[in-house]
Amino acid sequence: MNKCVAIWRRVFSVALSLGFGLSLSLAVHAEVALHGELKQGGLLWGTLAAGSSAKLNGTALEVADNGVFVFGFDRDAKPTATLEICSAAATCQQQVLNIAQRQYDIQRITGVPQQTVTPPASVLERIRKEATLVANARQKHFSRHDFTQTFKWPVLGPITGVFGSQRVYNGSPGRPHYGLDIAAPTGTTVTAPIDGVVTLAYPDMFYSGGTLIIDHGMGVSSTFIHLSQVLVTAGQEIKQGDVIAEVGATGRATGPHLDWRMNWAGQRLDPALVIGPMPAKE
């Protein structure tokens, strides 16, 4: 269930609601409701009145023709951010957003053979090329705004890995885990959580194995990795619930699972914050 940050025109104070979400007040010429969770890894979107504009920390945000805009906060986002909204008449108001800070699980592991921590030189060129493919896929721009849909789980199963966790191997910090891991047998179908356009469909990358990226518009995308089969192609338009892939253990994975990741404009987001509780398996 998406939480909501409500910004109201007539009130200037900031209030905290202990129930459904955080209520903020901002003096602007139209009421704005921000849907999402105001915390590290959170994705938020709202709708502005015609002709309005928005900035986050001084950087202009894209606003769709129907007023929809979106932004998000990385794993290590600072405690505050400044949102500025301007009306069509250029009357502007700033609001400091308080971003909830999170505690992440840090595991320290020693005695790991170094060759399993550092990839061999023979595969470095492959890794660089594959990283470029992923970066290029995420730079593609679509003016759609599928992220306003209610997300549905792409696969059901036990949660075995969470966003933000990190391992320290032999005293050297590894990259944080930016996904949500869902355990399921190899071959389990993966369905699209919301609509989108496929920007990358790759059968076998060194780290991520079978890799699929779906763009949901305005810089928001989903990435699915370690897939045994990718069942869609680049450029294909996807509808929520479509079968897009099969779970696997390809790439650097210790067992079959779906690793679902999300991004907005270079910011790593937590899929668990955009989706409600997992339903029981039938």
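For the structure, see preceding data.
Just so we're clear, the structure is a prediction, and the values are computed from it rather than from any experiment.

What counts as what
- Residues numbered from 1 in each chain as written.
- Predicted model: local features only at pLDDT ≥ 70, side-chain atom pairs only at ≥ 80, totals over all residues.
- Heavy atoms only, no water.
- Pairing = 2+ DSSP bridges.
- Helix = DSSP H or I, 4+ residues; strand = E, 2+ residues; numbered from the N terminus.
- Phe/Tyr/Trp six-rings, centres within 6.5 Å; stacked < 30°, edge-to-face > 60°.
- Buried < 20%, exposed > 50% of the residue type's maximum accessible area, 1.4 Å probe, protein only.
- Core = buried A, V, L, I, M, F, W, Y, C linked by side-chain atoms within 4.5 Å.
- Salt bridge = Lys/Arg side-chain N within 4 Å of Asp/Glu carboxyl O.

Student: What's the story with the sheet that holds strand β20 (residues 229-230) in this structure? I'm lost.
Tutor: Neighbouring strands of a sheet are bound in pairs by backbone hydrogen bonds; such pairs are parallel or else antiparallel. With antiparallel pairing, the 3 strands of this open sheet are ordered in space as β16-β22-β20. At either margin of the open sheet sits one strand with a lone partner, and together these are β16 (189-191) and β20.

Student: Would you mind going over the packing of aromatic side chains with me for this structure?
Tutor: Aromatic rings in a pair are described by how distant their centres are and how their planes are angled relative to each other. Taken as a whole and judged by the stated rule, the model has 7 aromatic pairs. Aromatic pair F69 and F71: ring centres 6.2 Å apart, planes at 25°, arrangement stacked. Both rings, one in F224 and one in W260, keep their centres 6.2 Å apart while their planes meet at 20°; by these two values the pair is stacked. With F224 in strand β19 (residues 220-227) and W260 in strand β23 (residues 257-264), this pair connects stretches of sequence that are 36 residues apart. No difference in accessibility class separates F224 from W260, as the two residues are buried. One aromatic cluster is present, built from ring pairs that chain together F69, F71 and F73.

Student: How should I be thinking about the nonpolar core in this particular structure?
Tutor: When a protein is soluble and globular, its nonpolar side chains tend to lie buried together. Grouped together as the largest cluster of nonpolar side chains are 51 residues, with contacts concentrated most on L43, F69, F71, F73, L212, F224 and I244. By size, the runner-up hydrophobic cluster in this structure holds 5 residues, among which are A137, L200, M205 and I213.

Student: Hey, could you run me through the sheet that holds strand β9 (residues 80-86) in this one?
Tutor: As summarised here, the arrangement of the 4 strands in space is β7-β6-β9-β10, forming an open sheet in which the pairing is antiparallel. Pairing within the sheet leaves two strands with one partner each, and these edge strands are β7 (59-60) and β10 (92-98). As judged from the 2 bridges shared by strand β6 (residues 53-56) and β7, these two strands associate in the antiparallel manner. Of the residues in β7, the one forming a bridge with L56 is T59.

Student: Would you take a moment to explain the pattern of salt bridges for this structure?
Tutor: Side chains that differ in sign of charge can pair as their charged atoms come close. Per the stated rule, a full pass over the model turns up 11 salt bridges. A salt bridge links D146 to R144, with the nearest nitrogen and oxygen atoms 2.5 Å apart. Look at D146 and you get buried, because its relative accessible area is 10%. A salt bridge links D259 to R261; the shortest N-O distance between them is 3.0 Å. R261 matches D259 in its accessibility class, with the two residues each being buried. Taken together, the shared-partner salt bridges in this structure form one network comprising R144, D146, D195, E237 and K239.

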